[in-house]
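# Working through the structure, step by step
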Amino acid sequence: MPELPEVETVVRELRHLSGDQFDSLKVHWFKTVGGEEKLFKSKLLNKPITRVFRRGKYICFSFANKVILTIHLRMTGKLIFSLSEKDQKHCRVEFGLKKNKALYFVDIRKFGRMQLWEEDHLLPDLGPEPLEKDVVYNALLEYKGKKEIKKVLLDQKILVGVGNIYADEALFQAKINPNSKFDRISKKRIAALSDAIPKILRASINNMGTTLSDYRTTKNIGGENQNYLKVYGQTGLPCVVCDSTIKRLIVGGRSTHYCPVCQKK
DNA sequence: CCTTAGTCCTGCATGC
DNA sequence: TGCATGCAGGACTAAG
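Report on the accompanying structure. (Residues numbered from 1 in each chain as written. Chains lettered and ligands numbered in written order. Predicted model: local features only at pLDDT ≥ 70, side-chain atom pairs only at ≥ 80, totals over all residues. Heavy atoms only, no water.)

Taken together, 14 residues are adjacent to DNA strand C, and H72, R109, Y232, R248 and R254 come closest. At the protein interface, 59% of the atoms of DNA strand C within 4 Å belong to sugar or phosphate. For DNA strand C, a phosphate oxygen lies 2.9 Å from a polar atom in the side chain of H72. (Near = heavy atom within 4 Å. Polar contact = N/O pair within 3.5 Å; in protein donor to acceptor, adjacent residues only side chain to side chain.)

Spatially, β2-β3-β4-β8 is the arrangement adopted by the four strands of the open sheet, whose pairing is antiparallel. Of all the strands in the sheet, the pair left with one neighbour each is β2 (49-55) and β8 (113-118). Each strand of the sheet is rotated relative to its neighbour by a mean of 20°, with strand direction disregarded. Note that strand β4 (residues 67-72) and β8 share six bridges and pair antiparallel. Counted as the bridge partner of I68 is W117 from β8. Strands in contact with helix α1 (residues 4-14) are β2 and β3 (58-63); relative to β2, the strand with the most contacts, it is inclined by about 165°. (Pairing = 2+ DSSP bridges. Helix = DSSP H or I, 4+ residues; strand = E, 2+ residues; numbered from the N terminus. Axes fitted to C-alpha atoms, helices over the stretch in contact; angles between N-to-C directions. Contact = heavy atoms within 4.5 Å.)

So this is what it looks like as structure tokens:
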């Protein structure tokens, strides 16, 4: 499932579209564009793309008319420049480009969403970016609730970009039990977590993201970071630190992986 | 204000 | 083999 490192990888591969423009738009699944096909066409077609960037887990295209298109890949979405026969079946939206090959949005589970925004009101409810240790630390200290730490990390209003995989990996690195209530965790541990999050995300960006099933870059290839996961999806395997067996539990309805010895409450 | 449950979706793994 | 069931989950909405 695409989280910050996966979206960042995709965005880096899309930056060259800056200066180009969409000259056609075909919508094959209306919900992907919130049923707004006509509006999308009127706002986007033949408008120069000025910038491609990322905000949290959203891919953002800025246009010369001050409109921003956001694309959220959710679980199985991908953006690719050529369609295999198998992908064709799941193609939800296609963008014709004036200077480049067409861009296809392929999404098996149809959870992915595109939205239009005015430049000055983009994604107002998102928390800060988590790539700097100090920013993460301050964002976490600002949270005054008592939820389980795993839920806090998944809350995009507190901090953006962290999803199920990197939440588990960061909590392992910081030796924090995913079920620990936020207000019961020491400042020292929160500092360790603030250190772990940017490091883990940056390492994954360097590995082109984590491919467990569906995530692909625009070249339709997987990332490599799945080879470096220490707890996510490692249930039943030995902990790389203490050799205990990695366990799985549910926190906030999400599958959660941890070492019961390294991450005691 | 809070937390929890339900919703959207399809492919794949599992069990009988 | 075939069919039914359940699970995966990010963000949003509704209910309590």
